[in-house]
Amino acid sequence: MTQLSPARKPATGASQEPAAKAGRENPKSLYGGTRSRRITVRDIAAAKERGEKWPMLTAYDAMTASVFDDAGIPVLLVGDSMGNCHLGYESTVPVTLDEITVLSAAVVRGTTRALVVADLPFGSYQEGPVQALRSATRLVKEAGVGAVKLEGGERSAHQVELLVASGIPVMAHVGLTPQSVHAYGGYPVQGRGEEAAQQLLRDAKAVQDAGAFAVVLEAVPAELAAEVTRSLHVPTVGIGAGAECDAQVLVWTDMAGLTAGRVPKFVKQYLNLRELLGGAAKEFAEDVVGGAFPAAEHTFH
């Protein structure tokens, strides 16, 4: 089994600490704020105006979501990344709307403050705006999410427009869109070269103009992501898109070191959870085999 690298402490420096401290001391901050109600898209817009950076993590169950909610993570994404890291699929493509709905409802039940955003999975919105509205409505009504996310720029702008007009907030996703893995032939960086960069910029502006409250930029050169961020009035959420985005998101199993084998270049592992969890399982097994568990204090009489 491939061993993951040891957990590394987040980098700190004179330029980062004042900004982080200011965020913790501002009651309106997305991270570290004192508001008790759920965060909304209006709060996201206000953070952009303040120039506040904020974190987002994925979550797929109530217990993990409650941990992240208690930690102050302001936005949780019930991503179709669950296909790779939760459901055992080889990609996000097989994930169904039923699966997203069930797990989104669990994440909502496990949180009290975070804005919960659910992915529209492959095949649930590509037919057009009406199908997108039907799928998104289900996630809002049955799962209770506060927003949905869908992939695509200009090609998805009409879907975004109808959802927003119908009262459903939309987070858009451009750059590397994993649902298109078969068309890409893998997961290549997007936006390299002048033509590709201009198309990505058009895509980001198209979904913004259609009403998206934020735009995810995945696997995009940092310089291009910075240009997109400056060009939009809605926040950008980077994943492999450099430090100039307004927010950053990671798949939580990557962030916590639970993912086996190689992880993308843009991932920073803050824990080696796979090693810790495996060690606990082995210790339990050895106690059972050796007769040390259950002991007297674990036994009823």
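About the thresholds
For every chain, the first residue of the written sequence is number 1, and numbering continues from 1 along that sequence. For a predicted model such as this one, the threshold for reporting local features is a pLDDT of at least 70, and the threshold for listing and counting side-chain atom pairs is 80 or more; totals across whole chains, interfaces and linings nevertheless cover every residue. Side-chain metrics rest on all non-hydrogen atoms present in the structure, leaving aside hydrogens and water. Comment: elements are numbered from the N terminus, with helices defined as DSSP H or I runs of at least four residues and strands as E runs of at least two. Between the two quantities, the radius of gyration covers C-alpha atoms and the globule rule is 2.2 Å times the number of residues to the power 0.38. Pairs of residues are marked as contacts when any of their non-hydrogen atoms sit within 4.5 Å. Here the open area of atoms and residues is found with the Shrake-Rupley method and a 1.4 Å probe, where only the protein chains shown may cover a residue. The charge count includes Lys and Arg as positive and Asp and Glu as negative, but it does not include His or the ends of the chains. Lys charges are placed at NZ, Arg charges at CZ, Asp charges at CG and Glu charges at CD. Space inside and on the surface of the protein is sampled on a 1 Å grid over the protein atoms alone, with a cavity defined as a set of points where a 1.4 Å probe fits but cannot get out and a pocket as an open set with protein on both sides within 12 Å along at least 5 of 7 lines; lining residues have an atom within 4 Å of a point. Grid points are joined across faces, edges and corners, and a volume is the space filled by probe spheres set on the points. Under this grouping Gly is polar, as are all residues other than the nonpolar Ala, Val, Leu, Ile, Met, Phe, Trp, Tyr, Cys and Pro and the charged Asp, Glu, Lys and Arg. To estimate how far a helix should reach, multiply one less than its number of residues by 1.5 Å. Burial here depends on accessible area, computed with a 1.4 Å probe over protein chains only, as a share of the maximum for the residue type. Under 20% is buried, over 50% is exposed, and the range in between is partly exposed. This arc is taken over the directions from the axis of the helix to the C-beta atoms. When a carboxyl oxygen of Asp or Glu is within 4 Å of a side-chain nitrogen of Lys or Arg, the pair counts as a salt bridge. By nonpolar core is meant a set of buried Ala, Val, Leu, Ile, Met, Phe, Trp, Tyr and Cys residues that side-chain atoms within 4.5 Å join together. Values of pLDDT, the confidence the predictor places in each residue, fall between 0 and 100.

Draft legend 1. Inspection of the overall build of the protein chain at higher detail. Assigned secondary structure in the protein chain consists of 12 helices and eight strands. Here the C-alpha radius of gyration of the protein chain, 20 Å, is about what a compact globule of 301 residues would show, namely 19 Å. When its C-alpha atoms are laid out on the principal axes, the protein chain stretches across 65 × 45 × 40 Å. When contacts within the protein chain are restricted to residue pairs at least 6 apart in sequence, those whose partners lie at least 24 apart make up 57%. Carbon and sulfur atoms form 57% of the exposed surface of the protein chain, whose accessible area is close to 15,200 Å². Once the 28 positive and 33 negative side-chain charges of the protein chain are each reduced to a mean point, those two points are 5 Å apart.

Draft legend 2. Focus on the layout of surface pockets. Each pocket or cavity is described by its volume, and for the second largest pocket that value is around 220 Å³. Elements that contribute at least two residues to the lining of the second largest pocket include exactly strand S5 (170-175) and helix H9 (194-210). Per element, the largest residue contribution to the lining of the second largest pocket is six residues, and it comes from H9. The class makeup of the residues in the lining of the second largest pocket is four nonpolar, seven polar and five charged.

Draft legend 3. Local environment of helix H6 (residues 129-143). Taking 1.5 Å of rise per residue, the 15 residues of H6 would be expected to cover 21 Å, and the 20 Å separating its terminal C-alpha atoms lies within 8% of that figure. Residues Gln131, Ala132, Ser135, Ala136, Leu139 and Ala143 constitute the buried set of H6. Taken end-on, H6 shows its buried residues confined to a sector of 125°, consistent with a single buried face. Opposite its buried face, H6 presents the exposed residues Val130, Arg134, Lys141 and Glu142, each directed more than 90 degrees away. Among the structural elements, helix H5 (97-109), strand S3 (115-119), strand S4 (147-151) and helix H7 (157-165) are those in contact with the buried residues of H6.

Draft legend 4. Here's a closer look at the environment of Gln190. Mapped onto the elements, Gln190 comes out in the loop between helix H8 (181-184) and H9. Residues Gln190 and Ala71 lie 119 residues apart in sequence; the distance between their C-alpha atoms is 32 Å. Aside from chain neighbours lying at most four places away, what touches Gln190 is Gly175, Leu176, Tyr184, Leu200, Ala219, Val220 and Pro221.

Draft legend 5. Quick look at the pattern of salt bridges. On inspection of all chains with the given rule, the structure shows six salt bridges. With a shortest N-O distance of 2.8 Å, Lys48 and Asp246 are connected by a salt bridge. Of this pair, Lys48 sits in helix H2 (residues 41-50) while Asp246 sits in the loop between strand S7 (236-239) and strand S8 (247-250), placing them 198 residues apart in sequence. Each member of the pair Lys48 and Asp246 is classed as buried. Glu142 is the partner of Arg138 in a salt bridge, and the nearest nitrogen-oxygen pair spans 3.2 Å.

Draft legend 6. Region of the structure containing the nonpolar core. By size, the foremost hydrophobic cluster in this structure holds 59 residues, and its most contacted members are Leu76, Val148, Leu163 and Leu217. Core analysis: the second largest hydrophobic core is formed by 19 residues, Trp54, Leu77, Met171 and Phe213 among them.

Draft legend 7. Spatial organisation of the confidence of the model for the protein chain. Mean pLDDT over the protein chain stands at 92; residues scoring 70 or higher make up 92%. Low pLDDT (under 50) marks residues 1-15, which in the prediction has 25 contacts with non-local residues, meaning those over four places away or in another chain.

Draft legend 8. Region of interest: unusual backbone geometry. A cis amide bond links Phe293 to the next residue, Pro294, at an omega of 0°. Mapped onto the elements, Pro294 comes out in the segment after helix H12 (273-290). Notably, Ala219 is not glycine yet its phi reads approximately 50°, a positive angle. Following the sequence through the fold, Ala219 ends up in the loop between strand S6 (214-218) and helix H10 (222-231). Ala219 gets classed as buried once you look at its relative accessible area, which sits at 7%.

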